[in-house]
Amino acid sequence: MTNRAPARPGRFGSAGEFGGIYVPETLYGPVRELAEAYRAVRDDDAFREELAGELREFAGRPTPLQAAPRFAEASGIRRLYLKREDLLHTGAHKINNAIGQALLARRMGKTRLVAETGAGQHGVATATVAARYGLACVVYMGAVDMDRQRPNVERMRLLGADVVGVESGSRTLKDAINEAMRDWSASVRTTHYLLGSVLGPHPYPTMVRDFHAVIGAETRAQVLEREGRLPDAVIACVGGGSNAIGIFHAFLADEGVALHGVEAAGEGLSTGRHAARFADPAPGVLHGTRTLVLQDAGGQVRETHSISAGLDYPAVGPEHAALEASGRARYAAATDDEAVEAFQLLARAEGILPALESAHALAFVRREGARGAWGGDPLVVVNLSGRGDKDLAVVECWRASRGR
Amino acid sequence: MAGPPGPGSPTLARAFEAAHEAGRGAFVPYLTAGFPSTDESERLAVALCEEGADVLELGVPFSDPLADGAVIQSTTRIALEAGATLEGVLMLASGIRARVATPIVLMTYLNPIVRFGVERACERAAAAGVDGVILVDLPPEEEPDTWAAFDAAGIATITLVAPTTTADRLPAIAARARGFLYVVARLGVTGQGNEDTEILSTLERCGRATGLPRCIGFGITPGTDLSPYRGLAEGVVAGSCLLEPLLRSHLDAGPSGAPARERALRDLAGRFRARLAGWRSA
């Protein structure tokens with residue numbers, strides 16, 4: 001299991017070919033200071049107790065592992081469980097990491113948080129913890145994403161955050177990260193950059209993974225208790241990949257458990273309008289890390305497309321790149337149409353409106369279940385990473401355009 | 001700590017020596033390569049060299065310039081829309097080299113180099129007459145093979161020191177520097193931000209760590225009071241303040257504004273030269 005023994009801290013893959021620290025000199029010192037601060041609290045009992053207490057009382061952990069028999073039946077399988085991260089406070093898994101990093105920032109004496117957001121879930125989580133811990137908060141969000149995730153913009157503003165629209169580049173998540181890093185370059189002495197996925201320079205991919213690893217730890221215990229055995233497959237959507245790495249991590253050593261990440265095929269891989277990094281893999285360096293990057297022949301980062309703002313990103317967390325290279329996890333893609341159809345099916349079959357991001361993972365279950373991918377009577381777990389209220393306008397628009 | 005000037009630096013060393021002998025601070029202007037078009041970019045670069053640039057910095061356009069402020073983001077976008085590529089920048093460098101002897105330094109993010117192939121990029125840059133490279137997002141601690149490839153090709157690797165650079169890292173940064181050391185005067189991105197209060201002590205520490213020339217950059221304009229840096233820096237990098245009027249003219253007048261842009265750039269270069277004259281003789 002090469003991916004579990006990286007060549008040096010912050011590196012992933014058998015030769016340490018993914019990860020690292022690729023930042024302008026101004027950010028190197030702050031990133032290293034953060035890595036040291038994180039290493040100090042990681043095994044600190046007082047910090048762990050404080051974090052566990054906040055996750056329990058404020059975020060609402062543990063989340064249920066819930067059977068979804070009607071969705072399963074419609075997908076050609078019998079046993080499907082949903083890890084209900086959508087039931088967390090603020091409606092997505094993102095709060096796990098936001099609480100962890102905010103507590104760390106407070107210990108480091110920082111008084112201000114900056115964050116990027118795509119779908120707005122990470123922005124809402126950051127604005128929420130900033131309010132709870134008395135920190136100033138600025139959230140950068142692509143102008144395209146502000147339009148399609150309007151309710152989350154309102155939420156952030158009500159929570160006291162300053163939401164700044166980003167008009168550069170593709171005006172989506174990648175440009176919001178550029179802008180957040182620019183802000184941080186000028187404000188490092190007072191500000192913590194609360195990065196929302198398993199991306200960026202070391203220590204972010206490791207730290208954010210650790211804060212989300214609770215998802216997999218709970219899931220593994222819950223499924224053993226319910227079924228007396230491990231699942232055949234664990235499935236999660238992958239934008240940057242934080243919810244996926246969070247649920248995968250507890251299962252990495254369980255070789256019999258298939259791990260599937262599902263990225264956005266957008267309007268279809270052949271149209272070029274997608275965010276499928278694994279479908280056309282090219283190693284590169286973006287946002288502080290070496291990983292797979294959707295780019296053109298000249299090394300310019302390509303614009304991406306997905307109906308789901310949270311998956312609309314041209315790179316993937318370096319640990320996912322390593323898991324794919326080692327074969328421990330496999331990655332597939334679901335289209336916008338497949339995701340919306342899965343969204344509607346979950347609503348009607350189980351009474352849950354999932355985030356469009358999570359709906360990509362559900363779409364994969366439908367596709368693979370229908371072709372009997374996991375053998376006889378598979379036990380499948382999906383990380384339902386977020387709730388879909390934020391996506392109502394997008395889904396309505398999709399339905400109107402399709403006449404259904 | 002003063003190390004020997006590394007491989008690949010004789011042309012840069014000569015440029016700084018010439019400025020020193022003339023009692024001047026070195027003038028190191030930056031242009032976004034391919035802005036507003038390849039042809040005009042070459043004319044502007046040659047004009048700067050004719051106006052006395054001691055070293056010419058050419059920025060390789062990248063889609064996600066996260067160390068750059070608003071002006072260079074815009075010039076980068078326009079260059080990319082006009083079809084700029086690393087390949088094109090190398091041809092541009094070659095064209096400039098055919099006309100002037102001024103040392104050329106490429107300032108680039110790592111991804112275009114990785115995609116092009118590090119070794120191939122080094123070979124092609126050397127063949128184009130490129131003297132040095134600034135790898136904006138590659139810290140000296142990462143990728144020893146990449147750094148070594150530039151050494152092997154005889155291309156000087158200019159490293160950066162920032163207000164946030166801690167004392168314990170300075171020796172490694174200085175040891176990795178060839179040609180000159182680029183000292184970032186401000187926290188933040190290119191062209192904006194407040195000057196760091198510790199810049200003078202940073203410059204002093206750099207002087208103790210290396211015998212290489214120190215150039216200060218990020219937010220320097222022709223109006224900046226450069227007197228505090230006398231004796232603490234050997235040159236000045238100017239980018240955004242040169243590009244800002246060119247950008248405005250390009251957006252207002254398009255291609256027809258080219259002659260006015262060249263005049264404006266020559267004028268700005270002259271103002272910098274006047275500020276830097278006699279800088280090192282007192």
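As shown above, the structure is provided for reference.
Summary of the structure given here. (Residues numbered from 1 in each chain as written. Chains lettered and ligands numbered in written order. Predicted model: local features only at pLDDT ≥ 70, side-chain atom pairs only at ≥ 80, totals over all residues. Heavy atoms only, no water.)

Comments concerning helix H13 (residues 356–370) of chain A
Residues and elements named next belong to chain A.
1) Next: Over its 15 residues, H13 extends 21 Å from the first C-alpha to the last, a length consistent with the 21 Å expected when each residue adds 1.5 Å.
2) Next: Taking burial as the measure, the 15 residues of H13 include 12 buried ones, the bulk of the element.
3) Next: Immediately beyond the C-terminal end of H13, within one or two residues, lies Gly372, with a positive phi of roughly 65 degrees. (Helix = DSSP H or I, 4+ residues; strand = E, 2+ residues; numbered from the N terminus. Expected span 1.5 Å × (residues − 1). Buried < 20%, exposed > 50% of the residue type's maximum accessible area, 1.4 Å probe, protein only.)

Details of the layout of surface pockets
1) Next: Computed from the structure, the second largest pocket encloses a volume of approximately 360 Å³.
2) Next: Around the second largest pocket, the lining is made up of 20 residues, and of these Ser168 and Gly169 of chain A together with Ser63, Arg77 and Leu80 of chain B lie nearest the centre.
3) Next: The element best represented in the lining of the second largest pocket is helix H3 (residues 70–81) of chain B, accounting for seven residues.
4) Next: Residue classes in the lining of the second largest pocket are distributed as five nonpolar, nine polar and six charged. (1 Å grid on protein atoms, 1.4 Å probe; cavity = no way out; pocket = protein on both sides within 12 Å on 5 of 7 lines; lining within 4 Å. Points joined across faces, edges and corners; volume = space filled by probe spheres on them. Nonpolar A, V, L, I, M, F, W, Y, C, P; charged D, E, K, R; others polar.)

Thoughts on the pairing of strand E14 (residues 379–384) of chain A
It is a general feature of regular strands that their side chains alternate between the two faces of the sheet.
All names here are of chain A.
1) Next: Among the six residues of E14, six are classified as buried, and the element is accordingly described as predominantly covered.
2) Next: What you see with E14 is no split at all: Leu379, Val381 and Asn383 on one side and Val380, Val382 and Leu384 on the other are buried throughout.
3) Next: Across six bridges, the pairing between strand E4 (residues 79–84) and E14 is parallel. Bridging across to E14, Arg79 finds its partner in Leu379.
4) Next: The sheet contact formed by strand E9 (residues 233–237) and E14 spans three bridges and is parallel. Residue Ile235 lies in a different strand from E14, and its bridge partner there is Val382. (Pairing = 2+ DSSP bridges.)

Considering the sheet that holds strand E8 (residues 214–217) of chain B
All names here are of chain B.
1) Next: With parallel pairing, the nine strands of this open sheet are ordered in space as E5-E4-E3-E2-E1-E9-E8-E7-E6. The open sheet has two edge strands with one neighbour each: strand E5 (156–157) and strand E6 (159–161).
2) Next: Strand direction decides the pairing type here: E8 and strand E9 (residues 235–238), joined by two bridges, are parallel. Bridge assignment links Ile216 to a residue of E9, and that residue is Val236.
3) Next: Of the strands in this sheet, E6, strand E7 (181–184) and E8 are in contact with helix H9 (residues 199–209), which crosses E7 at around 165 degrees. (Contact = heavy atoms within 4.5 Å. Axes fitted to C-alpha atoms, helices over the stretch in contact; angles between N-to-C directions.)

As for the pattern of salt bridges
Residues and elements named next belong to chain A.
1) Next: Across all of its chains, the model carries 52 salt bridges over all chains by this definition.
2) Next: A salt bridge links Glu50 to Arg107; its shortest N-O distance comes to 3.8 Å. Separated by 57 residues along the polypeptide, Glu50 in helix H2 (residues 45–59) and Arg107 in helix H4 (residues 94–107) bring together distant segments of the chain.
3) Next: Judged by its relative accessible area of 41%, Arg107 falls in the partly exposed class.
4) Next: Shared partners join several salt bridges into a network, and the residues in it are Arg42, Arg209, Asp210 and Glu319. (Salt bridge = Lys/Arg side-chain N within 4 Å of Asp/Glu carboxyl O.)

Function cannot be read off these values alone, since they describe shape.
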